[in-house]
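Chain by chain, the residues:
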Amino acid sequence: MRRFHRLAAALFTILVLVLVFRDSDRISTTSKSTISAAPTDLRQKSEHDGEVESSVTSSPVVPITTSTPAAEKAIVMGKLSNEDTSWVHEELPDWETHIYMVDNQSASLHTAANKGREAMPYLTFIVDHYRNLPKTIAFLHNHRGGFPEAWHNDAPDYLAKNMLDRLKIDYVQESGYVNLRCIHIPGCPDEVQMFRNPPEGHRTVEHNMLGPWQLFFSNTEPPPVIAAPCCAQFAVSRNQVLKRPLDDYEMYRKWLLETQLDDDTSGRVFEYLWHVIFGKEPVFCPDIEECWCKVFDRCDEVA
Ligand SMILES: *[C@@H]1O[C@H](CO)[C@@H](O)[C@H](O)[C@H]1NC(C)=O
């Protein structure tokens, strides 16, 4: 009898969890036709696994739901169907999560294509939640931590949890955008130089930056140098996201869906534009120790 009660309790808990997660993950998708290729981090895996990429699908445009109140803080990330992200709920339970499957159009949260690495899930989240954004949003990769896979996590043991636990939310609100990496290399002080002379063949991002720059920022003067610490993990405030109209984010995503650039390049174009999209100067390389102290609760650490 007791056993039965325990079983019933366990089943009930699972049911509740399923309902809760289904609800928190419910979003509207405005899928368009797609060409696919995976985020670099993600893609290597999927190629190894011999998964077939590329899908062309369309699904109806669903109106954005605003019935659930916006969260205080949320994590957004992309994943391949064979990647495990259960650590996010376990290790960062105070954060609402939005984890987009990039290679499975049947998943409840998915992107229209597997393109541009993490850029597609990030942009998809902003477009779909624009009218009901969380107050603070952390855009993360899906690896939990450790070396070498999470080498760019600037925190003890390269753990995402250690990074977010010490993130100063008030500072994110004040600053609008923070890069979650304080260590300058790679990225700072002068990574992307559109007019480098003489040009260097391997720098595919800077060779392909002028078009997106002009398109994204209404033809404003392209800067000689764009730089920020690498790797496209950052936190922003709702107010900062709202400083651009929804149309802008839709346009960025449309560009990503349509570009012929490979994922490595298109993903990296965004990697070096997020800070500009969110209001910072083209060169955004705060001093490391100042960053550890202001962005994170790590004032006692010296680089
Ligand atoms: C895709 O998602 C659906 C719905 O969650 C699931 O049933 C299916 O197994 C997934 N396919 C793959 C290849 O993971």
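Each value, and the rule that gives it
- Residues numbered from 1 in each chain as written.
- Predicted model: local features only at pLDDT ≥ 70, side-chain atom pairs only at ≥ 80, totals over all residues.
- Helix = DSSP H or I, 4+ residues; strand = E, 2+ residues; numbered from the N terminus.
- Buried ≥ 20, exposed ≤ 12 C-beta atoms within 10 Å, placed from the backbone.
- Contact = placed C-beta atoms within 7 Å.
- Near = placed C-beta within 6 Å.
- Nonpolar A, V, L, I, M, F, W, Y, C, P; charged D, E, K, R; others polar.
- Axes fitted to C-alpha atoms, helices over the stretch in contact; angles between N-to-C directions.
- Parallel < 35°, antiparallel > 145°, perpendicular 65-115°, else oblique.
- Left-handed = near helix turned anticlockwise from the far one by under 90°.
- Pairing = 2+ DSSP bridges.
- pLDDT = per-residue confidence, 0-100.
- Right-handed = clockwise from strand over helix to strand, strands pointing away.

Turning to the overall build of the protein chain, a few remarks are in order. Assigned secondary structure in the protein chain consists of 13 helices and five strands. For the protein chain, buried positions account for 40% of its 303 residues. A sequence separation of at least 24 residues applies to 72% of the contacts in the protein chain between residues at least 6 apart.

Taken together, Ser81, Asn104, Ser106 and Ala107 make up all the residues around the ligand. Class assignment for the residues of the shell around the ligand results in one nonpolar, three polar and no charged.

Cis rather than trans, the peptide bond between Phe147 and Pro148 has omega equal to 5°. In the segment running from Cys188 into Pro189, the intervening peptide bond is cis, with an omega of 5°. Relative to the helices and strands, Pro189 is located in the loop between strand 4 (177-179) and helix 7 (204-207). Although it is not a glycine, Arg117 sits at a positive phi angle of roughly 55°. Checked against the element boundaries, Arg117 lands in the loop between strand 2 (96-101) and helix 4 (119-129). C-beta crowding within 10 Å serves as the criterion here: with 28 such atoms nearby, Arg117 is assigned to the buried category.

Attention now moves to the packing of helix 4 against helix 10 (residues 246-258). Running from N to C, helix 4 and helix 10 point in directions that differ by 150°, and their axes come no closer than 9 Å. Classified by the angle between their axes, helix 4 and helix 10 sit roughly antiparallel to one another. The two elements helix 4 and helix 10 cross, and the hand of that crossing is left-handed. Of helix 10, the residues touching helix 4 (which contributes Ala119, Met120, Leu123, Thr124, Ile126 and Val127) are Leu246, Tyr249, Glu250, Tyr252, Arg253 and Leu256. For the contact of helix 4 with helix 10, the class distribution of residues is nine nonpolar, one polar and two charged.

It is worth spelling out the sheet that holds strand 4 at this point. Taken in spatial order, the five strands line up as 2-1-3-5-4 in an open sheet, and their pairing is mixed. A strand with exactly one partner marks an edge of an open sheet, and here the two such strands are strand 2 and strand 4. Put simply, the sheet's adjacent strands are angled 15° from each other on average, direction ignored. With four bridges joining them, strand 3 (residues 136-139) and strand 5 (residues 234-237) adopt antiparallel strand pairing.

On to helix 11 (residues 263-271). A large share of helix 11 lies buried, amounting to seven of its nine residues. Within helix 11, burial applies to Asp263, Ser266, Gly267, Arg268, Val269, Phe270 and Glu271.

Looking now at the pairing of strand 3. Along strand 3, one buried face is formed by Thr136 and Ala138 and the opposite face, lined by Ile137 and Phe139, is buried too. The sheet contact formed by strand 1 (residues 73-79) and strand 3 spans four bridges and is parallel. Bridge assignment links Ala74 to a residue of strand 3, and that residue is Ile137.

Chain-level pLDDT for the protein chain is 84 on average; 78% of the residues reach the 70-or-more range. Below pLDDT 50 for its whole length, residues 7-60 participates in 85 contacts with residues either more than four positions away or in separate chains.

Attention now goes to the pairing of strand 2. Among the six residues that make up strand 2, five are buried, leaving the element largely enclosed by the rest of the structure. Two strands pair when backbone bridges link them, and strand 1 and strand 2 are joined in this way by six bridges, in the parallel orientation. Note on strand 2: the bridge partner recorded for Ala74 is Glu96. In this region the chain leaves strand 1, passes through helix 3 (residues 86-91) and returns to the parallel neighbour strand 2; the handedness of that crossover is right-handed.

Attention now moves to helix 4. For an α-helix, the turn length of 3.6 residues means that residues three or four places apart are oriented alike. Within helix 4, 11 of the 11 residues are buried, which leaves it mostly tucked inside the rest of the structure. Of the residues making up helix 4, those classed as buried are Ala119, Met120, Pro121, Tyr122, Leu123, Thr124, Phe125, Ile126, Val127, Asp128 and His129. Against strand 1, strand 2, strand 3, helix 9 (238-241), helix 10 and helix 11 lie the buried residues of helix 4.

On to the environment of Leu273, then. Structurally, Leu273 can be placed in the loop between helix 11 and helix 12 (274-277). Judged by local crowding, Leu273 falls into the buried class, with 23 C-beta atoms found within 10 Å. For the pair Leu273 and Pro212, spaced 61 residues apart in the sequence, the C-alpha separation amounts to 9.4 Å.

Moving on to the environment of Ser86. Summarising the element assignment, Ser86 is placed in helix 3. Residues Ser86 and Asn142, 56 residues apart in the sequence, show an inter-C-alpha distance of 9.8 Å.

Now for the environment of Asp264. For Asp264, the location among the structural elements is in helix 11. The class for Asp264 is partly exposed, based on 16 C-beta atoms found within 10 Å. Separated by 149 residues in sequence, Asp264 and Lys115 have C-alpha atoms that sit 9.1 Å apart.

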